[in-house]
Amino acid sequence: MNLHEYQARDILRRHGVPVPPGEVAETPDQARAIAQRLGGGGRVVVKAQVHAGGRGKAGGVKLANDPAEAGEVAKGILGMSIKGLTVRRVLVAPAAEIASESYVGIIVDRASQRPVVMVSAAGGIDVEEVAAKTPERIHRLAVDPRYGLLAHQALGLALKLYREMPKARAAADIMQRLYTAFYAVGASLMEINPLVTTPDGVAALDAKIVIDDNELDRHPEIAALRDPSDEAPSEVQARQAGLTFIKLEGSVGCCVNGAGLAMATMDLVKYYGGEPANFLDIGGSSNPQKVVDALRIITADPSVRSILFNIFGGITRCDDVANGIVQATRQFPLTVPLVIRLTGTNEALAVQILTQAGFSALTDMDEAVKQAVAKAKVGGA
Amino acid sequence: MSVFIDEQTRLVVQGITGRDGSFHTRQMIGYGTKVVAGVTPGKGGQTFDGVVPVFDTVADAVRETRANTSVIYVPAAVAASAIFEAADAGIPLIVCITEGIPVLDVTRVLPFLHERGARLIGPNCPGLISPTKSKVGIIPGNICRPGRIGVVSRSGTLTYEIVHQLSTHGLGQSTCIGIGGDPLIGTNFIHCLSAFQADAETDAVVMIGEIGGTDEQQAAEFVQTGMTKPVVGFIAGQTAPPGRRMGHAGAIISGSSGTAAEKMAAFARTGISVMKRPADVVPLLEERL
């Protein structure tokens, strides 16, 4: 789960990281008031709060010379669309007098299987781009989670950013606090970009935090920060139904058990000349209700021209899926053709249930995908 | 022979009285796995289905039954704790089926296992099966046949699909291993490939990867330098959009890295036969055997 910049700043501030003042506004009036209160009538920066990179380039980050202009600027940014996401909030912060910009980040590194702290004196940048083009400008340290980020390790990294010892010590302290916060909130990524030096010292000007979804159950206070307006409505609905669903651009709706098989099914749709409309995993121990919910979500997409079920029964029982299909089609008649492939646990029973309800079922995955693609093309013509 | 599990496997089931644990314990016993103990704190002294003694701790179970392998079906919130406990009790092979374990928990678990020389398979995996010898986890036994093909995969049902293709075409398996779909896992492709290379009863290996990370690329390098047996590979997620987690926590394309195209190119470069679709597995293996 992605957090907004203002939420990330709050978390860092709570962990003792120096964060310059700034508050979030939902209206131009609020933006004007915040600019007055925090900026003392001087220059402020107004920043769109959306889960999209490149906000600056898209015109979502602007300077304002006084509170009145802050209101005007906020009016322009609120409601604008950045990479398909509507801006509903802006962060208003006094414009800082910045002497230098660096980068500090922590990720969980798959190769070393450890949290890795990354720093670069080239701050304010797209770190992936720097890593690809000039990897020597990024310094990395894999941290042993048994001991955490040790003081000398943090200072060693900080000295890659600052030559003056007071600044290096301040940056090292920030890194250790960031590391503590990383485990405390269950993050999978934390970035301070840029870490700035101002006349007041070293501070985190902008922050990005991504939370591991598996941590949300034990961090309800973090889970409450979710912004559903940044998700497709169908994805919100699927999450609430316990399904994993990702909307795509094609016309073949896919309903599969298991993430790997779901991806392979999408790939096979493409292989036979179609385009998948979605990724949908109904999970392991599925019950008929999940299938009903899945069909409701898939059929709500107007670009879907055919629906493909691909079920390999293991823990998932084919008869559960068959019952779900029958129940769903009684509740809401389908307007697009349905192709069903199922094999494995209770396959014979499932075929019986489907046949009685007037459906037919296939056992071969390739054959089913070919038919679904062909039907999507006929339906779309 | 086979890989990691065989007739000598003496299994303790952590979470044996839970919904998933009890269901799959019956399936494993039915398959012929030697399930020697179960663990559910507070239910020590009971007997599961009249045949499997239940203990309060893994240490008790090991002392009383000489269990040498553990399988974990406990909820995600306590799964890391269950892995720690199994390793502390001296279990050398721990198979964690549980899905949804926080990644940071796994960063703490792995060094602990390493210090004790224990192997973890998973988490978030279907486990493994050496057909007719032993099954640890949830892979349906009825789709497998004994034979000489090793299978290693990050996925569950996709593995079943491919194993099903093998079995129906007379290609049995020495061992099928599901290593799990999480970003941090205890046993990776290279560990399994190297075990299959050393196994006298495995002639060829099917490797089923997916988008996200670089494990498949590293495995491809290993195949080139460390393996003489033929390897056939598949990558799921050729149509996956970047930046989205495709069900498995580990299945995510970050920026431009971890794509299916990149992995398939690494396979082709290192002599691994690349499957374009699951049904390619049989003809490609027949070409290489």
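Model, not experiment: these values are computed from the prediction.

(A) Expanded view of the overall build of chain B. Of the regular secondary structure elements, chain B holds nine helices and 14 strands. Relative to a compact globule of 289 residues, whose C-alpha radius of gyration would be 19 Å, chain B shows 18 Å and is just as compact. For chain B, the spread of C-alpha atoms along the principal axes amounts to about 55 × 40 × 30 Å. A buried classification covers 59% of the 289 residues belonging to chain B. Considering only residue pairs separated by 6 or more positions, chain B has 72% of its internal contacts joining residues 24 or more positions apart.

(B) Structural context of the domain arrangement of chain B. Residue and element names in this part refer to chain B. On domain assignment, one finds that chain B holds domain 1 (10–121) and domain 2 (139–288). Placing a centre on the C-alpha atoms of domain 1 and another on those of domain 2 gives a separation of 26 Å. The interface is formed by nine residues belonging to domain 1 together with eight residues belonging to domain 2. Only α4 (103–116) and β7 (119–121) provide two or more residues apiece to the side of domain 1 that touches domain 2. It is α4 that contributes the most residues to the side of domain 1 that touches domain 2, five residues altogether. The residue makeup of the side of domain 1 that touches domain 2, split by class, is seven nonpolar, one polar and one charged.

(C) Region of interest: the interface of chain A and chain B. Each partner contributes to the interface: chain A provides 44 residues, whereas chain B provides 43 residues. Elements supplying a minimum of two residues to the side of chain A that touches chain B: β8 (114–120), β13 (244–247), α9 (259–271), β15 (278–281) and α13 (365–380) of chain A. For the side of chain A that touches chain B, the element with the most residues is α9(A), which contributes eleven residues. When its residues are assigned to classes, the side of chain A that touches chain B shows 20 nonpolar, eleven polar and 13 charged.

(D) A look at the nonpolar core. Residues A:Met175, A:Leu178, A:Leu280, B:Ile72, B:Ile83 and B:Ile94 are the most contacted members of the largest nonpolar core, which totals 199 residues. When residues in this core are grouped by element, the largest group, ten residues, is from helix α6 (residues 165–185) of chain A. Every residue in contact with B:Ile72, bar those within four places of it in the chain, is listed here: B:Gln14, B:Gly15, B:Ala79, B:Ala82, B:Ile83, B:Ile94, B:Val95, B:Cys96, B:Ile97 and B:Thr98. Core analysis: the next-biggest nonpolar cluster, separate from the first, contains 21 residues, A:Ile77, A:Val87, A:Val90 and A:Val92 among them.

(E) Here's a closer look at the pairing of strand β4 (residues 52–55) of chain B. All names here are of chain B. As defined by bridge partners, strand β2 (residues 34–39) adjoins β4 across two bridges and the pair is classed as parallel. Considered in β4, the bridge of Gly38 is made with Val54. In the sheet, strand β3 (residues 47–48) pairs with β4 via two bridges, with the strands oriented antiparallel. In the sheet register, Phe48 faces β4, and the bridge partner there is Val52. Connecting the antiparallel pair β3 and β4 is a turn made up of three residues, with Asp49 showing a positive phi of about 50 degrees.

(F) Representation of the pairing of strand β6 (residues 90–94) of chain A. Residue and element names in this part refer to chain A. Of all five residues in β6, four are buried, a share of seventy percent or more. Across three bridges, the pairing between strand β1 (residues 23–25) and β6 is antiparallel. Paired with Val24 across the strands is Leu91, a residue of β6. Two elements, strand β2 (residues 44–48) and β6, share five bridges in a ladder whose sense is antiparallel. When the bridges of β6 are listed, Val46 appears paired with Val92.

(G) Broad picture of unusual backbone geometry. Cis geometry marks the peptide bond from A:Asn193 to A:Pro194, where omega comes out at 10 degrees. Here A:Pro194 shows up in strand β10 (residues 187–198). That bond from B:Gly122 to B:Pro123 is cis: its omega, 10 degrees, falls within 30 degrees of zero. Topologically, B:Pro123 is positioned in the loop between β7 and β8 (127–130). If you check the backbone angles, B:Asp49 has positive phi at about 50 degrees while not being a glycine. With respect to the helices, strands and loops of the structure, B:Asp49 is situated in the loop between β3 and β4.

(H) Representation of helix α5 (residues 157–168) of chain B in the model. Residues and elements named next belong to chain B. In a regular helix each residue adds 1.5 Å, so twelve residues correspond to 16 Å; α5 covers 16 Å between its end C-alpha atoms and thus fits that length. For α5, a buried count of nine out of twelve residues is recorded, marking the element as mostly surrounded by other parts of the structure. Every buried residue of α5 is listed here: Thr157, Leu158, Thr159, Tyr160, Glu161, Ile162, Val163, His164 and Leu166. After α5 finishes, the residue Gly170 shows a positive phi value of roughly 75 degrees.

(I) Spotlight on the confidence of the model for chain B. On average, residues of chain B score 96 in pLDDT, and 100% of them are at 70 or above. With a pTM of 0.93, the predicted complex shows an ipTM of 0.93.

(J) Here's a closer look at the sheet that holds strand β3 (residues 61–64) of chain A. Residues and elements named next belong to chain A. Strand order in the open sheet formed by four strands is β1-β6-β2-β3, with antiparallel pairing between adjacent strands. A strand with exactly one partner marks an edge of an open sheet, and here the two such strands are β1 and β3. The mean inter-strand angle of the sheet, taken between neighbouring strand axes irrespective of direction, is 30 degrees. The sheet contact formed by β2 and β3 spans four bridges and is antiparallel. Bridge pairing in β3 links Val46 to Lys62.

What counts and what doesn't
- Residues numbered from 1 in each chain as written.
- Chains lettered and ligands numbered in written order.
- Predicted model: local features only at pLDDT ≥ 70, side-chain atom pairs only at ≥ 80, totals over all residues.
- Helix = DSSP H or I, 4+ residues; strand = E, 2+ residues; numbered from the N terminus.
- Rg over C-alpha atoms; globule rule 2.2 N^0.38 Å.
- Buried ≥ 20, exposed ≤ 12 C-beta atoms within 10 Å, placed from the backbone.
- Contact = placed C-beta atoms within 7 Å.
- Domains from an automatic or database assignment.
- Nonpolar A, V, L, I, M, F, W, Y, C, P; charged D, E, K, R; others polar.
- Core = buried A, V, L, I, M, F, W, Y, C linked by C-beta atoms within 7 Å.
- Pairing = 2+ DSSP bridges.
- Expected span 1.5 Å × (residues − 1).
- pLDDT = per-residue confidence, 0-100.
- Axes fitted to C-alpha atoms, helices over the stretch in contact; angles between N-to-C directions.

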